[in-house]
Amino acid sequence: MNASAEVKLLSIFFPMWNEEHYVERAVRAAEDECQLLIGMGEIADYELVIVDDCSTDRTPELADALAAADPHVRVVHHAVNRGLGGSIKTGLDAVRGDVVLYTDADLPFEMLELGRALRVLRHYEADMVSAYRLDRTGEGPRRAVYSFAYNWLVQLVFGTRVRDINFAFKLVRRQVLEAARPVSEGSFIDAELVIRAQRLGFSIIQIGVDYFPRTRGVSTLSSPAVIRGMLKEMRQLRSELAAVAPVSR
């Protein structure tokens, strides 16, 4: 452990629902990168938190086995399915690090990008690093169009500057999470976190990363039900988010 590292405890958490094909791979990749970051003096220690959203496959069993074998790994189980927003809120409540990374179990980017994001966070004295996908052709035209339209709408309504607001790569300092705690239960939660952080005056730096779409399992983020839910939460929270103002820090 490097006691002189700026990041004393790095937390990485993965919301998971029926991710038996990815859970072990995600945790191993995070473990390998965190060990490298300790060796480089970037972090002093780390924790990996799996939020099992009442999975019906082998995800809970595999996650518990990983936690039993490694004290760096913890698992939080939902008794009922709460969706992405509920899982992210559980993860934010569970993590203990002074810097937190939230990402998906299917690892839509190479974990080595974490080291670059930490250096950007430190160099620019930023509060959040939000990544965007450099090449999105692998996800298919329909989802790319949906994502473009959604990002444009969020930028128009809330004045955000983040170009890929729902991408699951957000590296955030503890003080941001304490001040900008989101309330969404659905997939609008990514946008809500960014909007609150921006309106509170926190600095957000964006970096581009190579994108790797999932090859197993099913993503539901572009389903009509999820899209309707995001738009509903956007309408419900619009007035509240508009009232958020910078705080002195």
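Here we summarise the structure given alongside this text. Just so it is clear, the structure is predicted and the values come from calculations on it, not from any experiment. (Residues numbered from 1 in each chain as written. Predicted model: local features only at pLDDT ≥ 70, side-chain atom pairs only at ≥ 80, totals over all residues. Heavy atoms only, no water.)

Digging into the overall build of the protein chain
Operational definition: A run of H or I in DSSP counts as a helix once it spans at least four residues, and a run of E counts as a strand once it spans at least two, with each numbered from the N terminus. Taken over C-alpha atoms, the radius of gyration is set against a globule rule of 2.2 Å times the number of residues to the power 0.38. Here the term buried applies to any residue with accessible area under 20% of the maximum for its type, exposed to any over 50%, and partly exposed to those in between, with areas from a 1.4 Å probe on protein chains only. Contacts are assigned to residue pairs that have any heavy atoms within 4.5 Å of one another. Areas reported as accessible are Shrake-Rupley estimates using a 1.4 Å probe. Residue values count occlusion only from the protein chains shown. The charged-residue count follows a simple rule in which Lys and Arg add positive charge and Asp and Glu add negative charge, with His and chain termini not counted at all. We put the charge of a Lys on NZ, of an Arg on CZ, of an Asp on CG and of a Glu on CD.
When its secondary structure is counted, the protein chain shows 8 helices and 7 strands. In summary, the protein chain has a C-alpha radius of gyration of 17 Å against a globular reference of 18 Å for 249 residues, a match within 12%. Taking the principal axes of the C-alpha coordinates as reference, the protein chain spans close to 45 × 45 × 35 Å. Counting all 249 residues of the protein chain, 52% fall into the buried class. A separation threshold of at least 6 residues defines the contact pool for the protein chain, and within that pool the share at least 24 residues apart is 80%. Total accessible area computed for the protein chain in this model is approximately 11,400 Å², and 54% of it derives from carbon and sulfur atoms. Distance between charge centres in the protein chain, computed from 30 positive and 34 negative side chains, equals 7 Å.

Digging into the packing of aromatic side chains
The relative placement of two aromatic rings is captured by the distance of their centres and the angle of their planes. Using the following cut-off: Centre distance within 6.5 Å is the pairing criterion for rings of Phe, Tyr and Trp, where only the six-membered ring of Trp is used; planes under 30 degrees apart are then read as stacked, over 60 as edge-to-face, and the remainder as tilted.
As enumerated under the stated definition, the model contains 5 aromatic pairs in all. For the pair Phe109 and Phe169, a centre-to-centre distance of 4.3 Å together with 50° between the ring planes defines the contact as tilted. Separated by 60 residues along the polypeptide, Phe109 in the loop between strand S4 (99-103) and helix H4 (113-123) and Phe169 in strand S6 (residues 169-173) bring together distant segments of the chain. For Phe169, a relative accessible area of 0% puts it in the buried group. Plain terms: the ring middles of Phe167 and Tyr211 are 6.1 Å apart, the flat faces sit at 85° to each other, and that makes the pair edge-to-face.

Let's talk about the sheet that holds strand S5 (residues 128-133)
The criterion, for reference: A pair of strands is labelled paired if DSSP reports no fewer than 2 bridges between them. Lines are fitted to the C-alpha atoms to define the axes, a helix being fitted only along its stretch in contact, and any angle between axes, read from their N-to-C directions, falls within 0 to 180 degrees.
The mixed open sheet is built from 7 strands, whose spatial order is S3-S2-S1-S4-S6-S5-S7. At either margin of the open sheet sits one strand with a lone partner, and together these are strand S3 (73-77) and strand S7 (204-209). Across the sheet, the mean angle separating the axes of adjacent strands is 20° when strand polarity is ignored. Here strand S1 (residues 10-16) pairs with S4 via 4 bridges, running parallel. Bridge pairing in S4 links Phe13 to Tyr102. In this fold H4 packs onto S1, S4, S5, S6 and S7, with an angle of close to 40° to the strand it touches most, S6.

Details of the nonpolar core
Where we set the bar: The nonpolar core is taken to be a set of buried Ala, Val, Leu, Ile, Met, Phe, Trp, Tyr and Cys residues, with the residues joined through side-chain atoms within 4.5 Å.
Counting 41 residues, the largest nonpolar core has Leu10, Ile12, Ile43, Leu114, Leu118 and Leu171 as the members making the most contacts within it. Counting residues in each nonpolar core, the second largest holds 36 residues, with Ala94, Tyr102, Met230 and Val244 among its members.

Observations concerning the pairing of S3
The criterion, for reference: If the strands point away from the viewer and the path from the first strand over the helix to the second runs clockwise, then the crossover is right-handed.
Relative to S3, strand S2 (residues 46-52) is paired through 5 bridges, and the arrangement is parallel. Looking across to S3, one finds that Val49 is bridged to Arg74. Each parallel crossover has a hand, and the one from S2 via helix H2 (residues 59-69) to S3 is right-handed.

So, the packing of helix H5 (residues 141-158) against helix H7 (residues 189-199)
In plain terms, the rule: If an angle is under 35 degrees, it is roughly parallel; if it is over 145, roughly antiparallel; if it lies from 65 to 115, roughly perpendicular; otherwise it is oblique. With the far helix as reference, a near helix turned anticlockwise by less than a right angle produces a left-handed crossing, and one turned clockwise produces a right-handed crossing. Gly falls in the polar group here, along with every residue not listed as nonpolar (Ala, Val, Leu, Ile, Met, Phe, Trp, Tyr, Cys, Pro) or charged (Asp, Glu, Lys, Arg).
For the pair H5 and H7, interaxial distance at closest approach is 12 Å and the crossing angle is 30°. Here H5 lies roughly parallel to H7, going by the angle between them. For the crossing formed where H5 meets H7, the hand is right-handed. Counting all contacts with H5, which are made through Tyr150, Val154 and Phe158, the residues of H7 involved are Ala191, Ile195, Gln198 and Arg199. Taken together, the residues that form the contact of H5 with H7 break down as 5 nonpolar, 1 polar and 1 charged.

Here we look at the side chain of Asp52
Basically, it comes down to this: Salt bridge criterion: a side-chain nitrogen from Lys or Arg within 4 Å of a carboxyl oxygen from Asp or Glu.
Along the chain, Asp52 turns up in strand S2. One buried charged residue, Asp52, remains without a salt bridge, the closest side chain of opposite sign being Arg82 at 12 Å. Excluding residues that lie within four positions of it along the chain, Asp52 makes contacts with Met16, Thr59, Pro60, Val76, His77 and His78.

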